[in-house]
Amino acid sequence: MQFMLLFSRQGKLRLQKWYVAHPDKAKKKITRELITTILARKPKMSSFLEWRDLKIVYKRYASLYFCCAIDQEDNELLTLEVIHRYVELLDKYFGSVCELDIIFNFEKAYFMLDELVVGGEVCETSKKNVLKAIAAQDLLQEEEIVELALRDLGLI
Amino acid sequence: MSSIKQVINEAVEKDYTAEQREILNPYSKKGLLPEQVRQPNPIRLRDLIRQIRSAKTAAEERSVVNKECAAIRLTFREEDSVWRCRNVAKLLYIHMLGYPAHFGQMECLKLIASPRFTDKRIGYLGAMLLLDERQDVHLLITNSLKNDLKSPTQFVQGLALCTLAAIASPEMARDLADEVERLLKSSNAYIRKKAAICAVRIMSKVPELLEMFLPATRNLLSEKNHGVLITGITLITSMCVQSPDTLDHFKKTVGNLVRILKNLVMAGYSPEHDVQGVSDPFLQVKVLKLLRILGRGDGQASETMNDILAQVATNTEATKNVGNAILYETVLSIMDIQSETGLRVLAVNILGRFLLNVDKNIKYVALHTLLKVVHQDNQAVQRHRTTILECLKDADITIRRRAMELCFALINPSNVRTMMKELISFLETAETEFKAVCSSKCVTAAEQFSPNTRWHIDTLLKVIIAAGNSVPDDVVACTIQLIAESGEAEQQYAVAELWQRLSAAPLDTQPLLQVATWVCGEFANFLSLVGGGVSEGEVVAVYQRILWSSQCSAVTKQYAITSSMKLASRMPGTNSLVAQMVSAYGSHLNVELQQRGVEYTQLFTRYDSMRGPLLERMPPFERSRLRVSQDAAAANAAAAAAAAPLANGLHNNNNNDAVAAVQAPSQSDSNALLDLLGGLDDSANDVPVQVKSAPLPPAGTGSLNSDILDLLGGLGGGGGGDSGGTLISRTVNNGGILDTGLGSASNNLLDDLLNNSSSNLNNSTLANNTINSTNSLPVSTLPSSDEYGSLTIYERNNLRLVMTFQRQDSLTTITLTATNSSTSCNITDFLFQAAVPKSLQLQLLTPSSTSLAPAASLTQFIRVNNPNKAVLRMKLRLSWFADGVKIEDQNEVNNFPPALWQY
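- Taking an unreviewed UniProt entry as the reference, chain B is identified by name as AP-1 complex subunit gamma belonging to Hyalella azteca.
- The UniProt entry for chain B carries the following comment under Sequence similarities (unreviewed entry): "Belongs to the adaptor complexes large subunit family."

- The name given to chain A in an unreviewed UniProt entry is AP complex subunit sigma, with the source organism recorded as Hyalella azteca.
- Here is the UniProt Sequence similarities (unreviewed entry) comment for chain A, exactly as written: "Belongs to the adaptor complexes small subunit family."
- Under the heading Subunit (unreviewed entry), UniProt records this for chain A: "Adaptor protein complex 1 (AP-1) is a heterotetramer composed of two large adaptins (gamma-type subunit AP1G1 and beta-type subunit AP1B1), a medium adaptin (mu-type subunit AP1M1 or AP1M2) and a small adaptin (sigma-type subunit AP1S1 or AP1S2 or AP1S3)."

See the structure below:
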């Protein structure tokens, strides 16, 4: 996978993850181009487009579009499954996830993606393991806060 | 659980601790900021997002963001570490909205260096978003990464690995490869899987590091943990792709992979990895992909996987997307390895089933894959032809496009009739973006597989009608060529068909009108045989309609006006009307049309006797010649130079190098002809008359004429006819190189009309010259070279450059003669470059040679267009090798004859 974009039906970017380096300007141009192309497509059309030398796979979930750019030899149908898996994970984590959850907790959405996909490759196929890793890291943060609070209060 | 999370979030947001710490850790620490200037606490991320979202206009949003960015910058400058995490998080949000956030890069690095996990988590996230491999700050991040890769906390290691896998640069890859290799052997699966992906990235950045990871892969395939297994297979796959040696090394793992796949397919339900009844599709697909790479071109490996591939192909549930994803990958593998025939048929049948699926995605994938395999297994794909044709009518444009491509790949002599019928009906309703490609492909396919000429003509006409104005020029040219080449019966048929179109068609489909006018003009003698016979009045009325219509393009009118001339010569009754139409064009705004108008009027008046022979029927095109004309637009100089003798007759006006290169020799030859004929005129004034009265064909034009032809021997394959054509088109096209407004293909055709009509008749060459010498044609003639004298512009290093000039209005043609004045030294790779002031345009044509033996010389033509009559100056740069020693020199020429621009 070369990059992943999440954007709303209004064309607002909600998340972007790049696994291949591009200058900022190019990223913006790609994002803009893809958002307009995809939003212009009719719901009856397939989820795939050929764009430059990449294959674009996108899927809409409620008001959000999930869009991945993959290489020529990658499997489009499986990429749809990766997207679906990511949505399932977000759903489990936030509890019936909606666009607002991702807006206000965008960093959490990134953390989740980083547990599922690393460097553009799927690195964990078990939902349970991903959620476990996220929960453990959240707990780590929580403990830090408690510890700091106690330290500040002079209790430790 | 979620309530706990909320509590945590609240805690972070309130930053209770930070507020506490602020007291302990005041800004005044540095003593720079007095108490009263101190900033209030930065707003929370959540509040910022709310503020931005409540902005009603883009300007309002911008102002909120700018204000916040200013505040964030300020805290960054104060080296405040308390709010850094919150500020970077806000900055990341702002960055996502498209605002610049590069000033946060350093802060990310500081967060990464912090001991707190919360800081690191945001810091690494920021690093992945704000940095990539091209930034210099990487030197700084490498150290932090190195530390964190050694961290006792697995999640800190995990963050570092994840970041490295996303943004590693070659330098980072080198510096951290050792650490990653160590972690790849870690006992912790969470670390191992991420390290494997890191290794992939490192290898892709620094290929020579591949070997370092090779030993660690040994145990990866015997893993139980699916995360490690899938990333391990990813690592092995990328190794195999990267190095053929490694590919051989991993051939022995085929057995392992087959076992893994078998376990997945055969194993019962495992809740952890199940996706809608399929066991770990992600892993299955990865294994299939690696099998494909290992089995490609290896009979033994392919043999080992045949069974399991068949098993996967038959046992996978095809009702859901996930099952189809696996089947799709399986099909790709089957078609790519050396699999059994039965298995291949099974694979194509799976794709056939995909085509019937209601899911557009599956259909798309099927067409896409069939397109890949159609060349390997045409027969198997043919079986699904009807389904594929059905896809031409799909509502989804991407599916239609794929289906169209596939249909063209499926055409063969036995099905060409039915396929073409479907494709033409597709073409009729297709989007404009398809029409050009589709019509071109139809033409190619028809040419390749047509059962007979009648069908071929029919098909091309249908294509032109169906595609309307989207027909590319080459299709028009092909159709005309086909009709010109075919027999009388077909020509008669084409005339009847096209006359019908021409008399009834609306005037907005240019390609059809172009073909129709060409054919009806060229074969006007058949018009009387159409239906009950077409009256001369009817024909002229149709031509008038075209010539006076504002809907017709200039190119169409060019076709029509030349065609009307032919018409007049075939149907004498139309003469006066055509003459009228043509003369009206003498004042047309379009230069090309005006030119024709004036010329053709001359043919009606002063040179009426030449008209008939000039407008003789064209001989059939040479096939290769048309190819050249098609390629001309995109041709490179080399190709055109090779085709030079053929292209000579084309003489198109394109400004591109290829054609320019071709033009050079013909020009010199025609000059020679001019000079020569000038001499003839003096000595034998009756020559033109004599030749004019000579009968056709050129064989009978007398010995004098053939002497002239002998002199033209240097012209290549063209012969006398071509040179005559060259001359004519030279006088006709005195718009010269600047006349590029028209499509090249159509221009070629017009020139061809002239060239070929004159090629029947050598006397036209001579007649033309008579016209020139008496200055009776309104086309200006070239003054002879000595009018401006010659100019030696360079004489050094055994090289002498002399220029002679010819001017035609604003266009000066300079003939550069370079002479090697030494007696022993060989000059090679001679390169002449020149520059002129900006108001002038310069075109350097290809020199006659680039090497000079002692005392030899070469010529190069230079065209200078000087519409503003500016003073001509030229800067020169020369380079060449004299006996292998490179010599470079420069010079400036300021002494051009003023007559070149003062006229």
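## Looking at the interface of chain A and chain B
Moving on, step 1. The interface of chain A with chain B comprises 69 residues on the first partner and 78 residues on the second.
Moving on, step 2. Buried surface at the junction of chain A and chain B, summed over both partners, amounts to about 6700 Å²; 59% is from carbon and sulfur atoms.
Moving on, step 3. Our count for the chain A to chain B interface comes out at 7 salt bridges.
Moving on, step 4. For K194(B), the salt bridge is made with E115(A), and the minimal N-O distance between the two is 3.2 Å.
Moving on, step 5. Broken down by secondary-structure element, the contributors of at least two residues to the side of chain A that touches chain B are β2 (13-18), α1 (24-40), β3 (48-51), α2 (76-94), α3 (99-104), α4 (106-116), β7 (121-122) and α5 (127-152) of chain A.
Moving on, step 6. Examining the composition of the side of chain A that touches chain B, we find that 17 residues originate from one element, α5(A), more than from any other.
Moving on, step 7. The residue makeup of the side of chain A that touches chain B, split by class, is 31 nonpolar, 12 polar and 26 charged.

## Let's talk about helix α13 (residues 226-242) of chain B
Residues and elements named next belong to chain B.
Moving on, step 1. Relative to the 24 Å expected for 17 residues at 1.5 Å per residue, α13 spans 24 Å between its end C-alpha atoms, a close match to the ideal helical length.
Moving on, step 2. α13 sits mainly inside the fold: 15 of its 17 residues count as buried.
Moving on, step 3. Regarding α13, its N-cap is N225, as a side-chain oxygen of that residue lies 2.7 Å from the backbone nitrogen of G227 further along.

## Focus on the pattern of salt bridges
Moving on, step 1. One pass over the structure, following the stated rule, counts 49 salt bridges over all chains.
Moving on, step 2. R151(A) serves as the salt-bridge partner of E147(A), at 2.7 Å between the closest nitrogen and oxygen. Within this pair, E147(A) and its partner R151(A) are both found in helix α5, separated by 4 residues, close to a single helical turn.
Moving on, step 3. On the basis of relative accessible area, E147(A) is assigned to the partly exposed category, the value being 38%.
Moving on, step 4. Taking the relative accessible area as the measure of exposure, R151(A) reaches 45% and is therefore partly exposed.
Moving on, step 5. For the salt bridge of R192(B) with E223(B), the shortest nitrogen-to-oxygen distance reads 2.5 Å.

## What about the sheet that holds strand β7 (residues 841-844) of chain B?
Residues and elements named next belong to chain B.
Moving on, step 1. If you walk across this open sheet you meet the 5 strands as β3-β4-β5-β8-β7, and the pairing is antiparallel. Only two strands of the sheet have a single partner each, and these edge strands are β3 (790-796) and β7. Each strand axis lies, on average, 20° off the axis of its neighbour in the sheet, ignoring direction.
Moving on, step 2. Pairing between β7 and strand β8 (residues 857-865): 4 bridges, direction antiparallel. Within the sheet, the bridge partner assigned to L842 lies in β8 and is V864.

## Thoughts on the packing of helix α17 (residues 299-315) of chain B against helix α18 (residues 321-336) of chain B
Axis angle and axis distance: for two packed helices, these are the angle between their axes and the distance between the axes, and together they describe the pair.
Residues and elements named next belong to chain B.
Moving on, step 1. Orientation of α17 relative to α18, taken along the N-to-C sense of each, is 150°, at an axis distance of 9 Å. For the pair α17 and α18, the crossing hand works out as left-handed. Contact with α17, carried on its side by L309, V312 and A313, involves I326, L327, T330, S333 and I334 of α18 and no other residues of that element.
Moving on, step 2. Residues belonging to the contact of α17 with α18 are distributed by class as follows: 6 nonpolar, 2 polar and no charged.

## Looking at the state of the cysteines
Residues and elements named next belong to chain A.
Moving on, step 1. Counting across every chain of the model gives 0 disulfides over all chains.
Moving on, step 2. In this model C68 remains outside any disulfide bridge; the closest cysteine sulfur is found in C67, 6.7 Å from its own.
Moving on, step 3. The exposure class of C68 is buried, given its relative accessible area of 0%.

## Some words on a nonpolar patch on the surface
Moving on, step 1. Side chains of V146(A), L150(A), L153(A), L155(A) and I156(A) sit close together on the surface and give an oily, nonpolar patch of about 460 Å² of accessible area.
Moving on, step 2. By secondary structure assignment, the location of I156(A) is in the segment after α5.

## Notes on unusual backbone geometry
Residues and elements named next belong to chain B.
Moving on, step 1. The phi torsion at Q276 lies on the positive side, around 45°, for a residue other than glycine.
Moving on, step 2. Turning to its location among the elements, Q276 is positioned in the loop between β1 (274-275) and β2 (278-279).
Moving on, step 3. Among the residues examined, Q276 registers a relative accessible area of 46% and is labelled partly exposed.
Moving on, step 4. A positive phi is found at D829, a non-glycine position, where the angle reads about 50°.
Moving on, step 5. For D829, a relative accessible area of 46% translates into the label partly exposed.

Definitions and cut-offs
- Residues numbered from 1 in each chain as written.
- Chains lettered and ligands numbered in written order.
- Predicted model: local features only at pLDDT ≥ 70, side-chain atom pairs only at ≥ 80, totals over all residues.
- Heavy atoms only, no water.
- UniProt positions renumbered as here; feature names shortened; annotations may be inferred.
- Contact = heavy atoms within 4.5 Å.
- Buried area = accessible area lost by both parts, 1.4 Å probe.
- Salt bridge = Lys/Arg side-chain N within 4 Å of Asp/Glu carboxyl O.
- Helix = DSSP H or I, 4+ residues; strand = E, 2+ residues; numbered from the N terminus.
- Nonpolar A, V, L, I, M, F, W, Y, C, P; charged D, E, K, R; others polar.
- Expected span 1.5 Å × (residues − 1).
- Buried < 20%, exposed > 50% of the residue type's maximum accessible area, 1.4 Å probe, protein only.
- Polar contact = N/O pair within 3.5 Å; in protein donor to acceptor, adjacent residues only side chain to side chain.
- Pairing = 2+ DSSP bridges.
- Axes fitted to C-alpha atoms, helices over the stretch in contact; angles between N-to-C directions.
- Left-handed = near helix turned anticlockwise from the far one by under 90°.
- Disulfide = S-S within 2.5 Å.
- Patch = residues over 30% accessible without salt bridge, like charges linked within 9 Å, V, L, I, M, F, W, Y side chains within 5 Å.
- Areas by Shrake-Rupley, 256 points an atom, 1.4 Å probe, with all protein chains shown as cover.

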